[in-house]
Amino acid sequence: MNDDVFMININMMETSDVKTAFVRLKPKCDIFLSEPSNDTLTPLIKEYQELQANLLQEIHAYLLFPYTVHLRNPLLKSTQLKMDMVDAMNIIFSRTRVDGIEMYFKFLTVMIFQKFEKDPTDLDSIDEDFALSVIRLITTLTLRIPHDLRLQLYTRTHATKLGQGIFICVQLARKERFKALRLASIQCILAICTLHDDLMGPLHTPKLNRDLAEPVGDVLMFFLPGLLGAMQDIAKGEQKQGHAITCLAIKTISRVLCLTLMDKDEDQNHQLTNADFINLIETNNSSEGGTKEKSDPFGMKLRAKGVEGIKEHLEKAERNGEWYNAAGEKLTILMKSLLPIQYHPHERVRKEAAIMCSNVLIYSPRNMTLSLKYVLEMLIALSEDETEEITEISRKALENFTENGTRCNQKHLLDILEDNFNNMLTKLPRYLNKLDVNLQLCGIHLVKGYIRLLTNTQASPQRLSKILNCTHVMNRFAIILVEVFKLECSSIKLLEEFTIRDVETPVLDNSPWKIYTYLQNDVSVKQSLEICKILGISDSTEIIVDYLLEQYRLDNEFKKEIILILNEILSASCEETDKTDHLTKNVILTYIDYENWYLPTVVEKKEKPPGKNETFDISVYNPREWVKDRTLDLYEGATEIRYTDISYRQNESNCDGYYEDGKDSCRTLAQAQNNVIQICLMTEGIGKIAKSMKIRFQPYLLKTLYLILERAGSSIEAIHLAGIKALTDIAQAFTLKDITELIKTNADYFTHHVNIKLRKITDNAGVLDVLLVVMRYSEAEVLPCLYEIVSNILDHCSGPYFQWNMNLFLKLFYTFIKYISSKFCQKNQTSENPSNEVNCTEKNSILSNLKEFKKNLDVLKQLDKPNDCDENDIDLENVDFNIEEENNGDEKMETPVHIKMTISVLKKTMNFIPSNNHEQKVLALDIINEGVMIIKDFEDELLPLVHRVWSPLVYRFKETSHPLIVNRSFKLLITLANVSKDFIQRRTLKEVLPSLCDFLTKTSKDSLLKDIGSSYRFTQSYKLQVLLLEKLATLCISLNVHEKTLYEVMYATQVYLSVKQPKPLQELCVGFFKAISSYDVGACWLHLQGLWNEGRINSHLEDVNTTSLNKLKFPVCDALESKDYKRNVCALLEYLDTKD
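Quick caveat, the model's predicted, so the values are computed rather than measured. Residue numbering note: each chain is counted from 1, following its sequence as written. Whole-chain, interface and lining totals are the exception, using all residues; otherwise, since this is a predicted model, local features are given only for residues with pLDDT of at least 70 and side-chain atom pairs are given and counted only at 80 or more. With hydrogens and water set aside, each side-chain value is computed from the structure's full complement of heavy atoms.

Draft legend 1. Main features of unusual backbone geometry. We note that lysine 694 has phi near 60 degrees; this positive angle belongs to a residue other than glycine. Per the convention used, a helix needs a DSSP run of H or I reaching at least four residues, while a strand needs a run of E reaching at least two, with both numbered from the N terminus. Assignment of secondary structure puts lysine 694 in the loop between α31 (669-693) and α32 (698-712). Three labels apply to residues, based on accessible area from a 1.4 Å probe with only protein chains included: buried if under 20% of the type maximum, exposed if over 50%, partly exposed otherwise in between. Residue lysine 694 is classed as partly exposed on the basis of its relative accessible area, which comes to 47%. If you check the backbone angles, leucine 1009 has positive phi at about 60 degrees while not being a glycine. Within the secondary structure layout, leucine 1009 lies in the loop between α46 (985-1006) and α47 (1020-1039). A relative accessible area of 62% means that leucine 1009 is categorised as exposed.

Here's what the structure looks like:
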């Protein structure tokens, strides 16, 4: 190899280090030049990496020569070797700089035509790894051009050569599948366009070099359509391509746009001259004469002429005003097509979109005026993004642009925002109806962003109010809000809960009555509610609230959505300022208006046909005739007041001729569900407003507290939960701990209301709901008020006004009894086995029982069945409860007030045990069951009460067709046996136990082979079987029953030892016999042995004289091997053996 190839003269080298490096590398370069291989290339690469950068810069031209020769050699076929050479060149260029333009284009040409010489569009034959190495080398080569040389590079003369590199990279970025190659190709485009991060810095708003921007823009203008079109396709590509490619494509679009369409600074301060007027006049004259040809700023006509036309276009084209206008018009299509990027699922893509829009507003607001509406729309949507960084970028760009809005020549910024706002109102319903959650969220962000921007614009702070003053705009805006918050009604349950709520209801964080039709996730709901909060703190609050109230009063079909929106707007408004308190007053008064507050929630039922003793003949009976006002205790002896309740809307009346709550019923289920949601929203709204107003809510407390308490006691679960939530919010508004403290603070208030409304209970049925809530959440301090109210009810509950709905009163009594029990009674755990439990501790207890049984066997056979009882049995019929105790000088202890109240309630409740209404029976039995435990320590009061309750109770056990009644009756019987012991023994054994045993025997056939999936296990009969098997032993032990009755009970339960019975019943039956063994182990063992031996036990009683139980063995019947009782009986006998 000759040393003068690159005109390098060793003698002219300035330093000895350069000479030393050249001498060391020259032999290796010669060897590689003559024998190209990986073995000869590897030492060179190692030398490049170790050599100092300044020395490498001096001799890099000589070092690159072998690679140029071999890469141009068509005989070299090894792709791997070529790729290694390209990587070696990349190492050299990464540590040096390009010395001249000729050198740059020389290596650029070598690299481009390595694989694209024949057909640049044919990418099928390209090796992806080799192409990646080539593109990376071109990128490194372009980045190593010094700034002064770069100014000389970007001229029209070099445009075609630069265009070749851009074209090749665009083809690879669009058509290749190799992700790394696509990313490298786009990075190479940025490097050729001087827009790479290494040249500009990876800032949100990159600093374009104004000196370099002009020549580079003059070159890029020729490639702008193809380059931006390719990047547009990549940016809109499928998500499977990866977010990194999409982000890089958006970055390329952003920087190329800002560079080529950058506003010139001199245009801002341009002063009009005479020449400008002359040009304007000439333009008008030529246009009027029709002599001027149609403009061709992009040179489409010249390009059609071929190579000569293209050369002419390259020489004459310039970026003048005409070109900017034409380019700005074409770019509107591009920006409009990029709008879907604003709801891309990946946050990095949305971030690049925000940076792109921000750069356009900074560098090209005038030249891209026509695209500003799309840029602003994207920025406004992204300003409400859930990612904080994206929100910050977008809001900062909008803030800076609004401060300098006059930079937009053709249209004022606020006019653009107003037009976009109106267009958005038209498009949003389509967004909501889409299944794409991201698109829906984008639409909500747009609404929120426009409202925020229009209310915070410094140039016109009341711009939104001015827009909404237009009637049709306000109407459309209200419809949009209603559509966003449209609620679903079908999931609301109208089933009333007739069970008593024993525990306090927890406050829910969510609202189950707010199920949105279109909003599909929590993020969309949160962002939508933010819209109302922004409206609440804006200057447009009064306009919007007044309009929504007007629509609400016009019987709008979207009442529930209007209520929801008003709640959110006012809760935000009241929290910020007191200027909207007059609006709050109007809304609250509208809510609590009778027609709005007491909406019907019952579906209309068809009128039943007349019964045997009924008629529709009004001459016989007219339910709508004039009736008396039977108000209790109201001016006795005064003149009777007559009134009419005739109405064409109220078609239903109850059996007493009174209309239910004075309200209509709903004709359809959907209407009733819609009313329930309205009630819940109004109730919740009052609570939210109170929580926001805090102490300022005091004037409305006395108007709303009773109504909220009424809602909290509703039997419809949704309304009940809304009431509890509202009460909690009101308590927090006045810095109270909880609902209990709220009720305690306002005890005198609700007491007054309750007493007033109880006088006419038919028109105020909700007063009982209020009492239920008050009792559930009250402390001992409220007891005097409750005593007064309950006493008033007890005094008058027999009147006609109280009979129409006794179920509510019984619920009230039950709640009162539970309340008394929780405040005064210690809930001690009662033992399953009473104190008279017999513990068998002696080893031969069963044997001794058998000996006694043998001695008395003959006596037992001769006993007559009827009415022989123990001496301890008490005949209840002969008991005189009116005998007064002798006064021995000691004063009788005064009965506490709560005991007196309990006894009064129990006496009144006893009258409903024989009622024909099954619900009243159940409630009455539950009340007495709870009340007896309260007075158990007051025997003088307890025993007469037990005597009075026995007669109606005993007949309930005969209602076996209603197992629920028997169930509650048996629970009461267990309680009575526990507190009164032998007092009810005789009648229980005679009148109750036989019917219970008979029930167990009969239903054993029904439960046979009912496995775990059987519907029988959900019936009341099965539940009663479970209760009897679980508690019968306790009853027998509490009553201290004798052996004869004990055998009868064991005989009735033994059928449940069969393996064909349900497993839970078998386990309960085994537990029953174990409990009986603790009471009378001998009787239990003897019964089980009889079952084991099929009744043949009597023939072996001669063996009981033995002294050891282990020697007492009865023969096992062979038939038992096939019977169903063997497993459980055997387990019980083993249990008794181990016990003894």
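Draft legend 2. Just the pattern of salt bridges, in detail. Here, a salt bridge means any side-chain nitrogen of Lys or Arg that lies within 4 Å of a carboxyl oxygen of Asp or Glu. Tallied over the full model, the rule gives 27 salt bridges. The partner of aspartate 197 in a salt bridge is arginine 255, and the shortest N-O contact between them spans 2.7 Å. Here aspartate 197 is found in helix α10 (residues 197-200), whereas its partner arginine 255 is found in helix α13 (residues 243-260), with 58 residues between them in sequence. Using a relative accessible area of 4% as the deciding quantity, one classes arginine 255 as buried. Among the salt bridges present, the one from arginine 366 reaches aspartate 263, with a minimum N-O distance of 3.9 Å. Pair noted here: arginine 366 is in the loop between α19 (347-363) and α20 (372-382) and aspartate 263 is in the loop between α13 and α14 (265-268), with a separation of 103 residues, a long-range link. Judged by its relative accessible area of 4%, aspartate 263 falls in the buried class. One salt-bridge network, in which partners are shared between bridges, spans Glu384, Arg395, Lys448 and Arg452.

Draft legend 3. Seen up close, the packing of helix α49 (residues 1063-1079) against helix α50 (residues 1081-1092). To obtain an axis, a line is fitted to C-alpha atoms, over the contacting stretch when the element is a helix, and the angle between two such axes runs from 0 to 180 degrees between their N-to-C directions. Packing of α49 against α50 leaves a shortest axis separation of 6 Å and a crossing angle of 135 degrees. With respect to each other, α49 and α50 are oriented oblique. Between α49 and α50, the residues in contact are Phe1073, Ile1076, Ser1077 and Tyr1079 and Val1081, Cys1084, His1087 and Leu1088, respectively. Considering only residue class, the contact of α49 with α50 consists of 6 nonpolar, 2 polar and no charged. Between 65 and 115 degrees an angle is taken as roughly perpendicular, under 35 as roughly parallel, over 145 as roughly antiparallel, and anywhere else as oblique. Note on contacts: a residue pair is in contact if any heavy atoms of the two residues lie within 4.5 Å. In this classification, Asp, Glu, Lys and Arg are treated as charged, Ala, Val, Leu, Ile, Met, Phe, Trp, Tyr, Cys and Pro as nonpolar, and every other residue, Gly included, as polar.

Draft legend 4. Molecular detail of the environment of leucine 923. Tracing the chain through its elements places leucine 923 in helix α43 (residues 918-934). Among the residues examined, leucine 923 registers a relative accessible area of 5% and is labelled buried.

Draft legend 5. Fine view of the nonpolar core. We call a set of buried residues a nonpolar core when its members are Ala, Val, Leu, Ile, Met, Phe, Trp, Tyr or Cys and they connect through side-chain atoms within 4.5 Å of each other. Counting 352 residues, the largest nonpolar core has Tyr67, Phe421 and Phe970 as the members making the most contacts within it. In contact with phenylalanine 421, not counting residues within four places along its chain, are Tyr450, Ile451, Leu454, Leu464, Ile467 and Phe477.

Draft legend 6. Just the packing of aromatic side chains, in detail. Ring pairs are drawn from Phe, Tyr and Trp, using the six-membered ring of Trp, whenever the two centres fall within 6.5 Å, and their geometry is named by plane angle: stacked under 30 degrees, edge-to-face over 60, tilted for the rest. Under the criterion given, the structure shown has 12 aromatic pairs. Taken together, a centroid distance of 5.3 Å and an interplanar angle of 75 degrees make the contact between phenylalanine 93 and phenylalanine 107 edge-to-face. With phenylalanine 93 in helix α4 (residues 79-94) and phenylalanine 107 in helix α5 (residues 101-112), this residue pair connects regions lying 14 residues apart in the sequence. Of the two residues examined, phenylalanine 93 and phenylalanine 107, each falls in the buried class. Residues tryptophan 323 and tyrosine 324 carry aromatic rings whose centres are separated by 5.5 Å and whose planes lie at 75 degrees to one another, so their mutual orientation is edge-to-face. Tyrosine 324 shares its class with tryptophan 323; the two are buried. By the criterion adopted, a ring carries a charge over it if an Arg CZ or a Lys NZ lies within 6 Å of its centre and within 35 degrees of its normal. Lying over the aromatic face of tyrosine 552, lysine 559 brings its terminal NZ or CZ to 4.9 Å of the ring centre. Over the aromatic face of tyrosine 1135 sits the side chain of lysine 1074, whose NZ or CZ is 4.9 Å from the ring centroid.

Draft legend 7. Representation of the confidence of the model for the chain within the structure. Put simply, the chain has an average pLDDT of 76, and 75% of its residues get 70 or more. Confidence of the predictor in every single residue is expressed as pLDDT, which spans 0 to 100. Mean pLDDT across the elements of the chain ranges from a minimum in strand β2 (residues 642-643), with 40, to a maximum in helix α9 (residues 179-192), with 91. Under a pLDDT of 50 for its full length, residues 1095-1122 has, in the predicted model, 45 contacts with residues more than four places off or in other chains.

Draft legend 8. Just helix α22 (residues 413-433), in detail. For α22, which comprises 21 residues, the first-to-last C-alpha distance of 30 Å matches the rise-based estimate of 30 Å (1.5 Å per residue) to within 8%. Of all the bends in α22, the greatest, near 40 degrees, is centred on lysine 427, and the proline proline 429 appears no more than four residues after it. All of the buried residues along α22 are Leu413, Leu414, Ile416, Leu417, Asn420, Phe421, Asn422, Met424, Leu425, Leu428, Tyr431 and Leu432. What a helix should span is 1.5 Å times the count of its residues minus one. The angle between axes fitted to the seven-residue stretch ending at a residue and the seven-residue stretch beginning at it gives the bend at that residue.

Draft legend 9. The arrangement of α32 in detail. The end-to-end C-alpha distance of α32 is 20 Å, a good match for the 21 Å that 15 residues give at a rise of 1.5 Å each. At threonine 704, α32 shows its maximal bend, which comes to roughly 45 degrees. Within α32, burial applies to Tyr700, Leu701, Thr704, Leu705, Tyr706, Leu707, Ile708, Leu709, Glu710, Arg711 and Ala712.

Draft legend 10. Highlighting the packing of helix α45 (residues 963-980) against α47. At a minimum axis distance of 10 Å, the contact between α45 and α47 shows a crossing angle of 15 degrees. Comparing the axis directions of α45 and α47 gives the class roughly parallel. Taken as a pair, α45 and α47 cross one another with a handedness that is left-handed. Contact residues: Pro963, Leu964, Val966, Asn967, Phe970, Lys971, Leu973, Ile974 and Ala977 in α45; Gln1020, Ser1021, Lys1023, Leu1024, Leu1027, Leu1028, Lys1031, Leu1032, Leu1035, Ser1038 and Leu1039 in α47. When the residues that make up the contact of α45 with α47 are grouped by side-chain class, the tally is 13 nonpolar, 4 polar and 3 charged. For a crossing to be left-handed, the near helix must be turned anticlockwise from the far one by less than a right angle; the clockwise case is right-handed.

Draft legend 11. How the structure looks around the state of the cysteines. Sulfur atoms of two cysteines make up a disulfide when they are within 2.5 Å. Taken as a whole and judged by the stated rule, the model has 0 disulfides. Distance from the sulfur of cysteine 169, which forms no disulfide, to the nearest cysteine sulfur (cysteine 188) is 3.4 Å. The class of cysteine 169 is buried, set by a relative accessible area of 1%.

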